[in-house]
Amino acid sequence: MRRRAEGDPRGAARSTEARVEEAIGLARAIELDVVEGIAVPLPMFKPATLFGSGKVAELAERIEADHVGLVIVDHALTPVQQQNLEKEWGTKVIDRTGLILEIFGERAQTKEGTLQVELAHLNYQKSRLVRSWTHLERQRGGFGFLGGPGETQIEADKRALQERISRIEHELETVVRTRRLQRENRRKTPHPIVALVGYTNAGKSTLFNTLTQSDIFAKDLLFATLDPTLRRLKLPHGTEAILSDTVGFISDLPTHLVAAFRATLEEVIEATLILHVRDIAHEDTEAQAHDVMTVLEQLGVEVGKTDRLIEVWNKIDLMPEDARPSGRIQTEKGKPAIVPISALTGEGVQALLELVEKRLNEDRPVFTLSLAGDALSRLHRLYDLGEVLSRDDQEDGTTVARIRVPEKYEATFHREFPGARLQVAAEKAKDETDPQPWDPMKNT
């Protein structure tokens, strides 16, 4: 069932069909058998039941006829609305927030993820004090992230609930300190952090596997992965970075869930570069991008700093040939660079890697050097040790090159090319030249 009135400006860019399909996808993400998805226009919200009395009665007949055991309302419900609808329909009812929490509870694998989801769940239940989780335990045998029906009795006592929340917050603080120490240790190494963010099911995990030759779980499923994953990323000219894959975002993500996962998402907050992965083939791609930017702003990321953000237009392989974006990197002043790719086929991935390396190395030193005579035999080493930004093969047989060198190769570069001159900062800042590919046939 749909969550917004037709006049709601937040949903203006989304099609009704796509909204219903997303709600069905969320339900199927935890293996629920979906009988039917219904779009319900809401000219106005009713405080008691959300829907008008006529619509409530109409839906009650369909629920009874189809023997429906669970109704998911893709909208936030107040405790009163939830209880009244359950009474009218004679079945269990949960809202969008409850469904997302259910999915997260099933997906969490690490101790930190489990604690974060449980904290978000308990905060959600504070105002409800209803046993809204046991229906799925009975239906599916239970996934146990709260320990089953016995432990859910804490929901009947607000004081016990608050005590449990306090204990979890204390445990999470220990985890946060550990993660903070890990980040501080990473800062001591020359590896910058590159974070993948995006709407759920945009293809982040598939891209992560493609870039790092990993095999983390990636599936055409909403919230297929939840816990963050870090891997070393090797870039074309020798630069190394840490690539971070994080939980996917979604519209109307519960605010207390964002708060609970803030420690995990600090990898994004502190990242040197953020890759915003978009499913460019999806009909609601613009609305999804807006939702991601909203969550990033909630986390404190300055999305206006476009030099820190790259838009990765994924799934171009699913688009008709005449509708595909140009394969070239698109840049416009004041907006993030755009790189069209297919994480599945690999199309555009090399261009993305080169742009990532260029962005990470923009503050690295740039050197100018001249090679002549026997020294030309070492010209290929420039391409091994860094990015050759420009190369001038002069008529007298001298080659003048400008090269940007990653930190890990600086010592080797200075040892092999002691005559290289460091450019002044003003020259370095003006450099917008693309790295030059190695051409062994060019005056070597």
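Residues numbered from 1 in each chain as written. Predicted model: local features only at pLDDT ≥ 70, side-chain atom pairs only at ≥ 80, totals over all residues. Heavy atoms only, no water.

*Asks:* Sorry, what's going on with the sheet that holds strand β9 (residues 366-371) here?
*Replies:* Backbone hydrogen bonds hold the strands of a sheet together, and the pairing may be parallel or antiparallel. Read across the open sheet, the 4 strands follow the order β10-β11-β9-β12; overall the sheet is antiparallel. The outermost strands of the open sheet, each flanked by one partner alone, are β10 (387-393) and β12 (421-422). Summarising the sheet, β9 and β12 pair through 2 bridges and their orientation is antiparallel. Bridging from a neighbouring strand, Thr368 pairs with Arg421 of β12. (Pairing = 2+ DSSP bridges. Helix = DSSP H or I, 4+ residues; strand = E, 2+ residues; numbered from the N terminus.)

*Asks:* Whenever I open this one, the nonpolar core confuses me. Can you help?
*Replies:* Proteins that are soluble and globular tend to have nonpolar side chains buried together. Formed by 36 residues in total, the largest nonpolar core has its most connected members in Phe249, Val268 and Leu296. Put simply, the parts of the chain that give this core at least two residues each are α1 (16-28), β1 (70-73), α4 (96-107), β3 (193-198), α10 (262-269) and α11 (285-299). With 5 residues, the top contributor of residues to this core is α11. (Core = buried A, V, L, I, M, F, W, Y, C linked by side-chain atoms within 4.5 Å. Buried < 20%, exposed > 50% of the residue type's maximum accessible area, 1.4 Å probe, protein only.)

*Asks:* I'm lost on the side chain of Lys315 in this one. Help?
*Replies:* Mapping Lys315 onto the fold places it in the loop between β7 (309-314) and β8 (337-340). For Lys315, the side chain forms a polar contact with the main-chain oxygen of Asn201, separated by 2.8 Å. Lys315 has contacts with Asn201, Ala202, Gly203, Asp279, Ile280, Ala281, Ile341 and Ser342, leaving out every residue within four places of it along the chain. (Polar contact = N/O pair within 3.5 Å; in protein donor to acceptor, adjacent residues only side chain to side chain. Contact = heavy atoms within 4.5 Å.)

*Asks:* Where do I start with the environment of Gly397 in this structure?
*Replies:* Turning to its location among the elements, Gly397 is positioned in the loop between β10 and β11 (399-404). Look past the residues within four positions of Gly397 in its chain and what remains in contact with it is Leu371, Ala372 and Leu376.

*Asks:* Help me understand the pattern of salt bridges, please; the structure alone is not making it clear to me.
*Replies:* Where side chains of opposite charge bring their charged atoms close, a pairing between them can arise. A complete count under the given rule lists 17 salt bridges for this structure. Note that Glu240 and Arg232 form a salt bridge whose closest N and O atoms lie 3.6 Å from each other. Judged by its relative accessible area of 48%, Arg232 falls in the partly exposed class. Here Arg391 ties to Asp393 by a salt bridge, and the two come within 3.3 Å at their closest N and O atoms. Look at Arg391 and you get buried, because its relative accessible area is 14%. By relative accessible area, which is 19% here, Asp393 ends up buried. Ionic contacts of the salt-bridge type, sharing partners, join the residues Glu22, Asp74 and Arg96 into one network. (Salt bridge = Lys/Arg side-chain N within 4 Å of Asp/Glu carboxyl O.)

*Asks:* Just to check I follow, could you spell out the packing of aromatic side chains for this structure?
*Replies:* The geometry of an aromatic ring pair is captured by two quantities: the separation of the ring centres and the angle between the planes. On inspection of all chains with the given rule, the structure shows 3 aromatic pairs. Ring centres of Phe51 and Trp89 lie 6.2 Å apart, and the angle between their planes is 35°; this geometry places the pair in the tilted category. One end of the pair, Phe51, is in the loop between α1 and α2 (53-65); the other, Trp89, is in helix α3 (residues 79-89), and 38 residues separate them in sequence. We classify Trp89 as buried; its relative accessible area is 6%. Between Phe413 and Phe417, the aromatic rings sit 5.6 Å apart at their centres with planes inclined by 35°, giving tilted as the arrangement. What makes Phe417 buried here is its relative accessible area of 4%. (Phe/Tyr/Trp six-rings, centres within 6.5 Å; stacked < 30°, edge-to-face > 60°.)

*Asks:* How do you make sense of unusual backbone geometry when you look at a structure like this?
*Replies:* The general pattern is negative phi for most residues beyond glycine and trans for most peptide bonds. At His67, a residue that is not glycine, the phi angle is positive and equals roughly 55°. Assignment of secondary structure puts His67 in the loop between α2 and β1. Despite not being glycine, Asn201 shows a phi value in the positive range, around 70°. For Asn201, the location among the structural elements is in the loop between β3 and α8 (204-212).

*Asks:* Can you help me understand α3 in this one?
*Replies:* Because each turn of an α-helix spans 3.6 residues, side chains separated by three or four positions in sequence point in the same direction. Among all positions in α3, only Gln81, Gln82, Leu85, Glu86 and Trp89 are buried. The buried side chains of α3 occupy one side of the element, clustering within an arc of 130° when seen end-on. Residues of α3 that are buried sit in contact with α2, β1 and β2 (92-95). Looking one or two residues beyond α3, the residue adopting positive phi is Gly90, at roughly 65°. (Arc of directions from axis to C-beta.)

*Asks:* Which parts of the structure should I look at to understand helix α12 (residues 349-360)?
*Replies:* End to end, α12 covers 17 Å across 12 residues, agreeing with the expected 16 Å (1.5 Å per residue, within 8%). Most of α12 sits out of view: 9 of its 12 residues are buried. (Expected span 1.5 Å × (residues − 1).)

*Asks:* Which parts of the structure should I look at to understand the pairing of strand β4 (residues 229-234)?
*Replies:* Consecutive residues of a regular strand have side chains that alternate between opposite faces of the sheet. Direction of pairing for β4 relative to strand β5 (residues 240-245): antiparallel, over a ladder of 6 bridges. Bridge pairing in β5 links Lys234 to Glu240. Counting the residues between successive antiparallel strands, the hairpin from β4 to β5 contains 5 residues, one of them, Gly238, with a positive phi of roughly 100°.

*Asks:* I would appreciate a short explanation of the confidence of the model for the protein chain in the present structure.
*Replies:* Looking at the protein chain as a whole, the pLDDT averages 78, with 78% of positions reaching at least 70. Long-range and interchain partners of residues 1-12, a stretch whose pLDDT sits below 50, account for 36 contacts in this model, where long-range means more than four residues apart. Taken as a whole, residues 438-444 scores under 50 in pLDDT and shows 15 contacts with residues more than four places along the chain or in a different chain. (pLDDT = per-residue confidence, 0-100.)

*Asks:* Whenever I open this one, the sheet that holds β5 confuses me. Can you help?
*Replies:* Strand order in the open sheet made by the 6 strands is β4-β5-β3-β6-β7-β8, with mixed pairing throughout. In this open sheet, the two edge strands, each paired with only one partner strand, are β4 and β8. Across this sheet, the average inter-strand angle for adjacent strands is 25°, counted without regard to direction. In this fold α11 packs onto β3, β6 (273-279) and β7, with an angle of close to 150° to the strand it touches most, β6. Against the sheet, α12 makes contact with β3, β4, β5, β6, β7 and β8, and its axis sits at roughly 175° relative to β7, the strand it touches most. (Axes fitted to C-alpha atoms, helices over the stretch in contact; angles between N-to-C directions.)

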